[in-house]
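Residue-level structure breakdown
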Amino acid sequence: PPFTGETSTAVSLMHVTKPVPTPSSLNNQIPREVDDALLKVLAKTPGERYPTCAEFVRALEGAYEASELREQRERLTEARSLIEQGQLEAARNLLATMTVPNRPDLQETLAELTQMLKRAEQYAHGVREWRAAKEKAQSVLDLFPGYPDSQEVFVALGLRHKPRTL
């Protein structure tokens, strides 16, 4: 209920004198886009209300669609942020749960983020492989400090300095 009080008279007085609070402020499960449609249907003056139930239904459907789009955009923004922070598993999980409506702008963003995630995962894999290779090469150098490096693998891994030539 929009108003509560100790007595029914107090509640009735609030209905007459106070503006109706936004529904989303009373229940956080109601998307804020729905507030306008609900406030209009609850208008105190009949002329300010929807003239037909069908118009109210269209306004409510439009408001829910707008809230869905906002939520999808927020999730895409969150996924981008997770990728940029290197939280690839969380980004992958978030993107896997998304169902983007038939909106080219959102579909393009989802495709872009999917590619961005794929590249970030490939890079992370390459870094892990490079570190493993460096550890193996270091173990060779630990066992055989003078091991020849004709292809400069140790140099490329940062384990030796490139010999100077005159």
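This is a predicted model, so every value here is computed, not measured. Here the residue numbering is sequential within each chain, running from 1 through the sequence in written order. Local features are withheld for residues below a pLDDT of 70 in this predicted model, meaning they are given only at 70 or higher, and side-chain atom pairs are given and counted only at 80 or more; totals for whole chains, interfaces and linings count all residues. Excluded from the side-chain calculations are hydrogens and water; all other atoms, namely the structure's heavy atoms, are used.

**Topic: the nonpolar core**
- In this description, a nonpolar core means a group of buried Ala, Val, Leu, Ile, Met, Phe, Trp, Tyr and Cys residues linked to one another through side-chain atoms lying within 4.5 Å. Think of it in three bands: residues with accessible area under 20% of the maximum for their type are buried, residues over 50% are exposed, and the middle band is partly exposed, with areas taken using a 1.4 Å probe on protein chains only. In terms of nonpolar packing, the biggest core is built from 16 residues, with Leu76, Ile83, Leu95, Leu113 and Leu117 touching the most fellow members.
- Only runs of H or I of at least four residues qualify as helices and only runs of E of at least two qualify as strands under DSSP, and these elements are numbered from the N terminus. Breaking this core down by element, the ones donating at least two residues are helix H4 (53–84), helix H5 (88–96) and helix H6 (104–143).

**Things to note about the pattern of salt bridges**
- Basic side-chain nitrogens of Lys or Arg form a salt bridge, by our definition, when they fall within 4 Å of a carboxyl oxygen of Asp or Glu. Taken as a whole and judged by the stated rule, the model has seven salt bridges.
- For Arg80, the salt bridge identified is with Glu112, shortest N-O distance 3.1 Å. A residue pair is termed long-range when its members are at least 10 positions apart, and Arg80 in helix H4 and Glu112 in helix H6 qualify at 32 residues.
- Linked by salt bridges that have partners in common, Arg32, Glu33, Arg70 and Glu74 make up one network.

**Observations concerning unusual backbone geometry**
- Although it is not a glycine, Glu152 sits at a positive phi angle of roughly 60°.
- Secondary-structure assignment places Glu152 in the loop between H6 and helix H7 (153–156).
- Judged by relative accessible area, which is 30%, Glu152 ranks as partly exposed.

**Focus: H6**
- Taking 1.5 Å as the rise per residue, H6 with 40 residues should run 58 Å; its terminal C-alpha atoms sit 58 Å apart, in good agreement.
- Regarding H6, the residues found buried are Leu106, Leu110, Leu113, Met116, Leu117, Ala137 and Leu141.
- Lining the buried residues of H6 we find H4, H5 and H7. To estimate how far a helix should extend, the number of its residues minus one is multiplied by 1.5 Å. Contact between two residues is taken to exist if any of their heavy atoms lie within 4.5 Å; hydrogens are not considered.

What is shown is where atoms sit, not what they do.
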